[in-house]
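# Remarks on the overall topology
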Amino acid sequence: MPRVIWARAEGCSVWDAEGREYIDLTGGFGVAALGHRNPRVMEAIAAAPVAHALGDLAEAEVTQRFRDALPWPAKLGVTGEDAVEIALRTALLATGKPGIVAFDGAYHGTGLLALAATGLERFREPFAPWLPGPVHRRTYGEDPGALPEDAGVVIVEPVQGRAGARVPPDDFLPTLRRRCDEVGALLVVDAIFTGLGRVGEMWPGSDVADVLCIGKALGGGLPISAALFVKTDLEQVWDFGEEDLYTHTHSGNPLACAAALVVLDEVPKLLHRVEELSQRFAAAGWRGKGLLRTKKNAVHAHRNGVLVIPIPAFEGRLALMQAAPPFTLTDDELDEAFGRLAG
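Here goes a summary of the coordinates provided. Remember, predicted model here, so these are calculated numbers, not experimental data.

For the pair helix α3 (residues 61-69) and helix α8 (residues 254-283), interaxial distance at closest approach is 8 Å and the crossing angle is 35°. α3 and α8 meet at a crossing whose hand is left-handed. Contacts from V62, T63, R65, F66 and A69 of α3 reach α8 at P254, C257, A258, A260, L261 and L264.

Moving on: the sheet that holds strand β1 (residues 6-10). Taken in spatial order, the 4 strands line up as β1-β2-β3-β13 in an open sheet, and their pairing is mixed. If you trace the sheet from one side to the other, it starts and ends with β1 and β13 (306-307), each paired once. Taken together, the 3 bridges between strand β2 (residues 13-16) and strand β3 (residues 21-24) define a ladder with antiparallel strand orientation. Note on β3: the bridge partner recorded for W15 is E21. Strand contacts of helix α9 (residues 331-342): β2, β3 and β13, with the helix running at about 105° to β3, the strand carrying the most contacts.

The next point concerns the sheet that holds strand β11 (residues 287-289). Taken together, 4 strands build an open sheet; the order of strands is β11-β12-β15-β14 and the sheet is antiparallel. On the outer flanks of this sheet lie β11 and β14 (309-311), each paired with one strand and no other. Across this sheet, the average inter-strand angle for adjacent strands is 20°, counted without regard to direction. Taken together, the 3 bridges between β11 and strand β12 (residues 292-296) define a ladder with antiparallel strand orientation. Considered in β12, the bridge of K289 is made with L292.

So, on to the pairing of strand β9 (residues 211-214). Neither face of β9 is left uncovered, since the one carrying V211 and C213 and the one carrying L212 and I214 both have all their residues buried. Where strand β8 (residues 186-190) meets β9, 3 bridges bridge the pair, whose relative direction is parallel. Along β9, the bridge assignment pairs D190 with C213. Pairing analysis gives 4 bridges linking β9 to strand β10 (residues 225-229), with the strands arranged antiparallel. Bridge pairing links L212 to L228 in β10.

Looking now at the packing of α8 against α9. Where α8 meets α9, the closest approach of the two axes is 12 Å, and the angle between their N-to-C directions is 20°. Between α8 and α9, the angle is such that the two are roughly parallel. Crossing of α8 against α9: the hand is right-handed. Here R273, L277, R280 and F281 of α8 lie close against α9, whose contacting residues are D331, L334, D335 and F338. The residue inventory of the contact of α8 with α9, partitioned by class, reads 4 nonpolar, no polar and 4 charged.

The subject of this paragraph is the side chain of K75. Here K75 lies in strand β4 (residues 74-77). Within the structure, the side chain of K75 is placed 2.7 Å from the side chain of D244, a separation counted as a polar contact. Among residues more than four places away in sequence, those in contact with K75 are I86, A226, A227, F229, W238, D244 and Y246.

On to the pattern of salt bridges. All chains considered together, the criterion is met by 21 salt bridges. One salt bridge connects D265 with R40, and the closest N-O pair in it is separated by 2.7 Å. Here D265 is found in helix α8, whereas its partner R40 is found in helix α2 (residues 39-47), with 225 residues between them in sequence. R40 is the partner of E266 in a salt bridge, and the nearest nitrogen-oxygen pair spans 2.5 Å.

With that out of the way, let us pick up the environment of P144. Tracing the backbone through its elements, the reader meets P144 in the loop between β6 (135-138) and β7 (151-156). Looking at P144, the relative accessible area reads 13%, which means it is buried. For the pair formed by P144 and L176, sequence separation is 32 residues and the distance between their alpha carbons is 7.7 Å. Look past the residues within four positions of P144 in its chain and what remains in contact with it is R138, L176 and R179.

Attention shifts here to the nonpolar core. Core analysis: the largest hydrophobic core is formed by 70 residues, its most contacted members being L25, F66, V156, W203, L212 and L228. Looking at this core, the element that brings in the most residues is α8, giving 14 residues. Not counting residues up to four positions away in its chain, the partners in contact with L212 are W72, V189, A191, W203, P204, G205, S206, A226, A227, L228 and V230. Counting residues in each nonpolar core, the second largest holds 23 residues, with I100, A114, I155 and V188 among its members.

We now examine the side chain of S13. Structurally, S13 is set in strand β2. At 2.9 Å, the side chain of S13 and the side chain of E21 are in polar contact. Every residue in contact with S13, bar those within four places of it in the chain, is listed here: R8, E21, Y22, H36 and E333.

Once that is clear, we can look at a nonpolar patch on the surface. Together, L93, F240 and L245 make up a nonpolar patch on the protein surface, roughly 270 Å² of accessible area in all. Examined against the element boundaries, L93 turns out to sit in helix α4 (residues 80-95).

What follows is about the pairing of β1. Where β1 lies against β2, 4 bridges are found, and the strand directions are antiparallel. Following the sheet pairing, W6 is matched in β2 by D16. Here β1 folds back onto β2, and the loop between the two strands holds 2 residues, one of which, G11, carries a positive phi near 60°.

Rules and cut-offs
In this numbering scheme, every chain counts its residues from 1 along its sequence in written order. Reporting of local features is limited, given that this is a predicted model, to residues whose pLDDT is at least 70; pairs of side-chain atoms are given and counted only at 80 or more, and all residues count toward the totals for whole chains, interfaces and linings. Hydrogen atoms and water are omitted, and side-chain values are computed over all heavy atoms in the structure. Throughout, an axis means a line fitted to C-alpha atoms (over the contacting stretch in the case of helices), and angles, computed between N-to-C directions, take values from 0 to 180 degrees. Secondary structure elements are taken from DSSP: a helix is a run of H or I of four residues or more, a strand is a run of E of two residues or more, and numbering for both begins at the N terminus. Crossings are classed by handedness, with left-handed meaning an anticlockwise turn of the near helix from the far one by less than a right angle and right-handed meaning a clockwise turn. Residue contacts follow a heavy-atom distance rule, with two residues in contact if any of their heavy atoms lie within 4.5 Å. Any two strands are treated as partners once DSSP identifies two or more bridges connecting them. Each residue gets one of three labels from its accessible area relative to the maximum for its type: buried under 20%, exposed over 50%, partly exposed in between, using a 1.4 Å probe on protein chains only. What sets the label is the angle itself: under 35 degrees gives roughly parallel, over 145 gives roughly antiparallel, 65 to 115 gives roughly perpendicular, and the rest give oblique. Residue polarity follows a fixed list, in which Ala, Val, Leu, Ile, Met, Phe, Trp, Tyr, Cys and Pro are nonpolar, Asp, Glu, Lys and Arg are charged, and the others, Gly among them, are polar. Pairs of N or O atoms are called polar contacts if they sit within 3.5 Å, as long as, within protein, a hydrogen donor faces a hydrogen acceptor (for residues adjacent in sequence, only side-chain-to-side-chain pairs). We define a salt bridge as a side-chain nitrogen of Lys or Arg found within 4 Å of a carboxyl oxygen belonging to Asp or Glu. Residues enter a nonpolar core if they are buried and are Ala, Val, Leu, Ile, Met, Phe, Trp, Tyr or Cys, with the set joined through side-chain atoms within 4.5 Å. Patch building starts from residues that exceed 30% relative accessible area and form no salt bridge, then joins like charges within 9 Å and nonpolar side chains (Val, Leu, Ile, Met, Phe, Trp, Tyr) within 5 Å. Reported accessibility uses the Shrake-Rupley method at a 1.4 Å probe radius. Residues are deemed covered only where the shown protein chains occlude them.

In structure tokens form, the structure reads like this:
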């Protein structure tokens, strides 16, 4: 896709520096679930009485309210990769076992630990000498069998994003839960792309996860993520005294937390709309689940004024275009996008 410099974005539309309007089916990689510059999000940011606090040493009041609004205790990050890093380190601290079981086609981020678990060779290969391990790779969607003795964690996406919206069988995650229980490993569900309504539910995989990673849409456009301790006593493995051993200057950023409170309030109201739009994408031949969909790449999409996420051809698979649009996409906007993509 040719590079587009975004000059303005509103709702489900983006304008480039020349003033050309595009229908946005990317949602900024799924971040703009409530649409670009959602009015409630913008108001919450503007009204925040604290712009920056002192990270883990002194949180803002809005950060505390955000924590209280989450369904489980959380350790906060800035990027989705932070949430993965926290989850994997939690497993090491809790089990003492360094082995990671991950899957082909997985994408968990580009920091070295998350990259080691990522299953896309094009991301891993340039940095292979530095990647930690051991990592045991298994086939996505299949029973991995008995886990290795050193396995302290299995990490999995409910639906794989960068590999092309791959949907596993219904029994896949429960099978992973059983395999983890057999050896005392933790199950980390990476719902950074799929969570918060993207595949039709708020917390996909939470029924089986020990730790659930969320991010992307969480901040309504601002960077924030969280590792949610569904198994609540896991929060205690991070008790090292006064100094936090995994933190960032911007952890719990007040502006992002103010926006996230809006997201947590608004997304449940839009789940019915996700289902309606999901059915329309499916009827038009887009594979996937909810509003994480792929189809054979339409190389003219950008030329015809539609923004899609390109997925390059790899491992014998065709190049695809991916849609992860705002949940506020209207029927007219979707009709127009489908028409342009068919042109």
